[in-house]
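Here is what each chain is made of, one letter per residue.
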Amino acid sequence: MLKRALRKSQSVSRTMAPPSHEKVSAKRPCSVISPMAGPSKKAKSDIALTPKRKRTFIETWKTQFPWVRCVDDIMFCEVCREYPSIADHSSKLYEGVTGSKRIESLQSHESSKYHLLCIQRKEVTEKGTGPMFVALKKQAENMDDQLKPMFNTAFYVAKQKLPFRSFEGLIELQEKNGIKMPTQYRNDKGCKAFVQAIAEVEKDRVSEDLKASRFFALMGDGSTDISVTEQENVYVRYVKDGLPATEFIDIMAVKSADANGVLAALLEALHHVDLTDGDIKKKIIGCTFDGASVNQGAKGGVIVKLRELLGHVLISIWCAPHKLELSLLDATKATDFIDIVEKGVDPIYRFYYGSGKRRREVNAISAVIDEDPVYFSAPCGTRWMASRLRAYKAVIKNYNSVILHMEEASNRKTDEGAKCVGYLKVLKSAKFVDGLHFMVDVLEVLANVSLAFQSNDLFIYDVDVKLCEARIKLEGLKHNRGDVYTAYMATCKDGKFDSKSNGHITSLKGTGIPETVKNSFLENCVKFLEKRFSFLKDTPFSDFHVLDPRNVPRSDAQLATYGDVQVMNMVTHFESVLSEEEVTNIPRQWPALKARLKYRQRQPAKEVISDLLTENHPDVKDVLVLVYMMVTLSPSSAAVERGFSLMNLIKTSRKSQMTNETLGSLMRVSHITTTVAEFDPEPAIQKWKTSAKTKRYVKAAPKPAAVNSNLPVPVAP
């Protein structure tokens, strides 16, 4: 049967096949096109060239779908975005449709489960009454109340630089003290999520401030962390409520430590606070870096590349504390004998810093002679001049103990004994002791200036004022030596030095540094200060002085022409970032601002500037833009250096695998000035609740088991 059916099917197929003479040649054009055939090549090319029609949003859809909105050609569901904790984040109507808009997508979204839940929540919320609304409100309040102690604890962990693993133990401690805590999110992952929510709230605040500000200045510096990762620390300075505000932006891992890599890290950090490329180009007015060639390079440095990117004027400033340090080094190199002090102090610090045994020995000696324990500081610390001053003072304070210890150690037949013989030659040199006391008086002057330069609210014209004060004091030391050197001369007679007037006398060898050399050093200090800070005499830095209320003349005759030239110089210099109206109105409004500055001279200068910027009167609003720019510019990047100190406290050897995202969040929380007692966790709780793709649930702590009153009460024997 099967063979017969097979033969029959073969015969049928032969009957249906066309005869061989009826086959169409492949080369002969066919006049009949089969309905199953596709379009020709020409037709395909015509179709490819025809642009696809983009479907736009139709306003009448709002009548049929009252929840739909279209802003900047982005169609989205307003209700779903209003309740992100309920909405489906993967929905196109939640993210926003940027391409063709179709009514079918609206019809599909209208019947979706999560959209209906959002509509229901909106209806219940708008009514504001009824059992459903009361239940939802009470549920949300209970959830927030349970989360507040958790967020307070997470904030404490971040502020104290504790590991996330300590969070669970702190929660258990609070439970032991009678505080009810939720049963979820009690581990290190929960703590990390809470800290990131707190950091996001802080980042949103900075982002809003930057978007509201007219200009901002950029600050950055590079360093390596404990994992030997090259990091770029990024800060900004802008004007808020009439005062300068310095804020942490982010810390970025640099892919390459050249100018292109550093610039990419700076721009990426600014993007992390939701600044667009347009915002960056429009708002950056200045930048402050240290003297590294990657930043200050005249041909391919970061500043040069940043100017090319912005396309307008950019005020670049070399960090003032760093320049002050370089001025001292220049003066030391240019003066004979002065460097003997630095060469003597640094080896002593290293000798005791690297050995606990030596510190125990010298402290035992200090206890015998009734002196304080010995402590040495590094002369080249992060506080610049202040670190150097502290190191020099430590040698003077511990001079007797060090001399006695090294005299004892020099008798040993070891490498340590040989080192002590060399150190004693320096310590007992009259030139070293004389120069050490002299340098302490010089560093007292420069360290005070350096600390003033490290202030976050330092103005440009304050730099020149502090430098002038330093030059005057240095000139005064040429005629009247300082207190420390005067006390030294009173205790050193005929080469016999009694450092603390307690009978422990050291015989000094040789003579001290000649007075002419000391005066030459002071003159070199003044000369190199003027040379290093000569940029303050250029436009626009020198022109900013007319905005200082302390410089405004009291005489109306002098006030009539005061600052006119300087204001025009600033208008010309900043013309690329000023509007045409401001360029025209600034010279006209300058007399009104001069009058306001004159009659407020009794107030502190910074208070006057803050009041003027806050009030922003219409008759001076355009000329105040120059004041705004002056306040925005930062003469110092000390905040960035402090940021690296913070980084080293957070990312330690036991947390070397910490990601940059976590490091940035912890640094951002650490910069919050609010104390734990003043911290309000509510914004962070809402941020945490709405950041998840699904709804957050928190289980309350279990209630204690009820006591059965029918059970017999045990009686003590």
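The rules we used
- Residues numbered from 1 in each chain as written.
- Predicted model: local features only at pLDDT ≥ 70, side-chain atom pairs only at ≥ 80, totals over all residues.
- Heavy atoms only, no water.
- Helix = DSSP H or I, 4+ residues; strand = E, 2+ residues; numbered from the N terminus.
- Buried < 20%, exposed > 50% of the residue type's maximum accessible area, 1.4 Å probe, protein only.
- Contact = heavy atoms within 4.5 Å.
- Phe/Tyr/Trp six-rings, centres within 6.5 Å; stacked < 30°, edge-to-face > 60°.
- Lys NZ or Arg CZ within 6 Å of the ring centre and 35° of its normal.
- Expected span 1.5 Å × (residues − 1).
- Polar contact = N/O pair within 3.5 Å; in protein donor to acceptor, adjacent residues only side chain to side chain.
- Salt bridge = Lys/Arg side-chain N within 4 Å of Asp/Glu carboxyl O.
- Pairing = 2+ DSSP bridges.
- Axes fitted to C-alpha atoms, helices over the stretch in contact; angles between N-to-C directions.
- Core = buried A, V, L, I, M, F, W, Y, C linked by side-chain atoms within 4.5 Å.
- Patch = residues over 30% accessible without salt bridge, like charges linked within 9 Å, V, L, I, M, F, W, Y side chains within 5 Å.
- Areas by Shrake-Rupley, 256 points an atom, 1.4 Å probe, with all protein chains shown as cover.
- Parallel < 35°, antiparallel > 145°, perpendicular 65-115°, else oblique.
- Left-handed = near helix turned anticlockwise from the far one by under 90°.
- Nonpolar A, V, L, I, M, F, W, Y, C, P; charged D, E, K, R; others polar.
- pLDDT = per-residue confidence, 0-100.

Under the annotation held in an unreviewed UniProt entry, the protein chain carries the name Zinc finger protein 862-like and is attributed to Gymnodraco acuticeps.

A.B. asks: For this particular structure, what's the right way to read the overall build of the protein chain?
C.D. replies: A tally of regular secondary structure across the protein chain gives 32 helices and 10 strands. Relative to its full complement of 717 residues, the protein chain shows a buried share of 45%. Look at the contacts in the protein chain between residues 6 or more apart in sequence, and 72% of them connect residues 24 or more apart.

A.B. asks: Where do I start with the packing of aromatic side chains in this structure?
C.D. replies: Geometry of an aromatic ring pair is reported as the spacing of the ring centres plus the angle between the planes. Under the definition given, this model contains 26 aromatic pairs. Between Phe 151 and Trp 688 the ring centres are 6.1 Å apart and the planes differ by 75 degrees, which places this aromatic pair in the edge-to-face class. Separated by 537 residues along the polypeptide, Phe 151 in helix α8 (residues 130-159) and Trp 688 in helix α32 (residues 682-690) bring together distant segments of the chain. Neither Phe 151 nor Trp 688 differs from the other in exposure class; each is buried. Directly above the aromatic system of Phe 76 lies the positively charged group of Arg 81, at a separation of 4.1 Å from the ring centroid. Above the ring of Tyr 114, the side-chain terminus of Lys 113 is found at 5.5 Å from the ring centroid.

A.B. asks: Would you take a moment to explain helix α17 (residues 356-368) for this structure?
C.D. replies: One turn of the α-helix equals 3.6 residues, which is why residues spaced by three or four share an orientation. The terminal C-alpha atoms of α17, which comprises 13 residues, lie 19 Å apart, in line with the 18 Å expected from a rise of 1.5 Å per residue. The N-cap of α17, judged by a side-chain oxygen 3.5 Å from the amide nitrogen of Lys 357 a few residues on, is Ser 355. Phi turns positive, to about 60 degrees, at Asp 370, one or two residues after α17.

A.B. asks: Even after reading the chapter, I still don't get the pattern of salt bridges, so can you show me in this structure?
C.D. replies: Pairing is possible between side chains of opposite charge, provided their charged atoms come close. Across all of its chains, the model carries 44 salt bridges by this definition. Put simply, Glu 416 and Arg 358 hold a salt bridge, and the shortest N to O gap is 3.0 Å. With a gap of 58 residues between them, Glu 416 in helix α20 (residues 415-427) and Arg 358 in helix α17 connect regions that are remote in the sequence. When sorted by exposure, Glu 416 lands in the same class as Arg 358, which is buried. Its salt-bridge partner being Glu 408, residue Arg 412 comes within 2.9 Å of it at the nearest N-O pair. On the accessibility criterion, Arg 412 (24% relative accessible area) is partly exposed. Among the residues examined, Glu 408 registers a relative accessible area of 40% and is labelled partly exposed. The structure contains a network of salt bridges with shared partners spanning Lys 357, Arg 358, Glu 361, Glu 408, Arg 412 and Glu 416.

A.B. asks: Sorry, what's going on with the side chain of Thr 153 here?
C.D. replies: Structurally, Thr 153 is set in helix α8. Judged by its relative accessible area of 7%, Thr 153 falls in the buried class. Every residue in contact with Thr 153, bar those within four places of it in the chain, is listed here: Phe 167, Leu 170, Ile 171 and Gln 174.

A.B. asks: Explanation requested: the sheet that holds strand β8 (residues 492-493) in the structure shown.
C.D. replies: Strand pairing in a sheet relies on backbone hydrogen bonds. The paired strands run either parallel or antiparallel. Strand order in the open sheet formed by three strands is β8-β9-β10, and the pairing between neighbours is antiparallel. Unpaired on one side and paired on the other, β8 and β10 (505-507) mark the two borders of the sheet.

A.B. asks: What is the right way to read the sheet that holds strand β4 (residues 230-240) from this model?
C.D. replies: Pairing within the open sheet is mixed, and its five strands lie in the order β5-β4-β3-β6-β7. Looking at strand neighbours, the two that pair on one side only are β5 (243-253) and β7 (315-318), the edges of this open sheet. Across the sheet, the mean angle from the axis of one strand to that of its neighbour is 20 degrees, orientation sign disregarded. Where strand β3 (residues 216-224) meets β4, eight bridges bridge the pair, whose relative direction is antiparallel. By the bridge assignment, Ala 217 is partnered in β4 with Arg 237.

A.B. asks: Mind showing me how you'd approach the nonpolar core here?
C.D. replies: Ranked by internal contacts, the top residues of the largest apolar core, which has 107 residues, are Leu 474, Phe 533, Leu 547, Phe 574 and Leu 593. A per-element tally of this core places helix α21 (residues 430-453) first, with 14 residues. For Leu 593, the contacting residues outside a window of four places in its chain are Leu 547, Leu 612, Val 620, Val 623, Leu 624 and Val 627. By size, the runner-up hydrophobic cluster in this structure holds 37 residues, among which are Ala 158, Cys 191, Met 658 and Ala 684.

A.B. asks: Just checking my understanding: could you explain the pairing of β3 for this structure?
C.D. replies: Sheet faces and side chains relate simply in a regular strand, where the side chains alternate between the two faces. Where β3 lies against strand β6 (residues 284-289), four bridges are found, and the strand directions are parallel. Across the sheet, residue Ala 217 finds its bridge partner in β6, namely Gly 286. Linking β3 to β4, which pair antiparallel, is a turn of five residues; within it Val 228 sits at a positive phi near 60 degrees.

A.B. asks: How do you make sense of helix α24 (residues 515-532) when you look at a structure like this?
C.D. replies: For α24, built from 18 residues, the straight-helix expectation of 26 Å at 1.5 Å per residue is met to within 8% by its first-to-last C-alpha distance of 26 Å. Val 517, Lys 518, Phe 521, Leu 522, Asn 524, Cys 525, Val 526, Phe 528 and Leu 529 are the residues of α24 that are buried. Residues of α24 that are buried make contact with α15 (320-333), α21, α22 (460-479) and α23 (483-491).

A.B. asks: What is the right way to read a nonpolar patch on the surface from this model?
C.D. replies: On the surface, Tyr 156, Leu 162 and Val 676 cluster together to form a nonpolar patch covering roughly 210 Å² of accessible area. Note that Tyr 156 resides in helix α8. On the accessibility criterion, Tyr 156 (34% relative accessible area) is partly exposed.

A.B. asks: Just to check I follow, could you spell out the packing of α21 against α24 for this structure?
C.D. replies: A packed helix pair is summarised by two numbers, namely the angle formed by the two axes and the spacing between the axes. Running from amino to carboxyl end, α21 crosses α24 at an angle of 25 degrees, the nearest separation of the two axes being 12 Å. One element, α21, and the other, α24, form an angle in the roughly parallel class. When the axes of α21 and α24 are compared, the crossing they make is right-handed. Contact residues: α21 offers Asp 434, Phe 438, Met 439, Val 442 and Leu 446, while α24 offers Lys 518, Phe 521, Leu 522 and Leu 529. Along the lines of polarity and charge, the residues of the contact of α21 with α24 split into seven nonpolar, no polar and two charged.

A.B. asks: Looking at this structure, how should I read unusual backbone geometry?
C.D. replies: For residues other than glycine, phi is negative in most cases, and the peptide bonds are mostly trans. The peptide bond linking Thr 539 to Pro 540 adopts the cis configuration, its omega dihedral lying at 5 degrees. Examined against the element boundaries, Pro 540 turns out to sit in the loop between α24 and α25 (556-559). Unusually for a residue other than glycine, Asp 72 sits at a positive phi of about 55 degrees. Relative to the helices and strands, Asp 72 resides in the loop between β1 (68-71) and β2 (74-77). With relative accessibility at 71%, the residue Asp 72 sits in the exposed group. Positive phi outside glycine occurs at Asp 274, with the angle close to 65 degrees. Mapped onto the fold, Asp 274 is located in the loop between α11 (259-272) and α12 (277-283). Given the relative accessible area of 42%, Asp 274 is considered partly exposed.

A.B. asks: Explain the pairing of β6 here, please?
C.D. replies: Most of β6 sits out of view: six of its six residues are buried. Pairing analysis gives four bridges linking β6 to β7, with the strands arranged parallel. Considered in β7, the bridge of Gly 286 is made with Ile 315.

A.B. asks: Help me understand the confidence of the model for the protein chain in this model?
C.D. replies: Atomic detail in the predicted coordinates should be set aside for any region of low pLDDT. Residues with a pLDDT of 70 or more make up 85% of the protein chain, whose mean pLDDT is 85. Across residues 11-37, where pLDDT falls below 50, the model places zero contacts with residues more than four positions away in sequence or in other chains.

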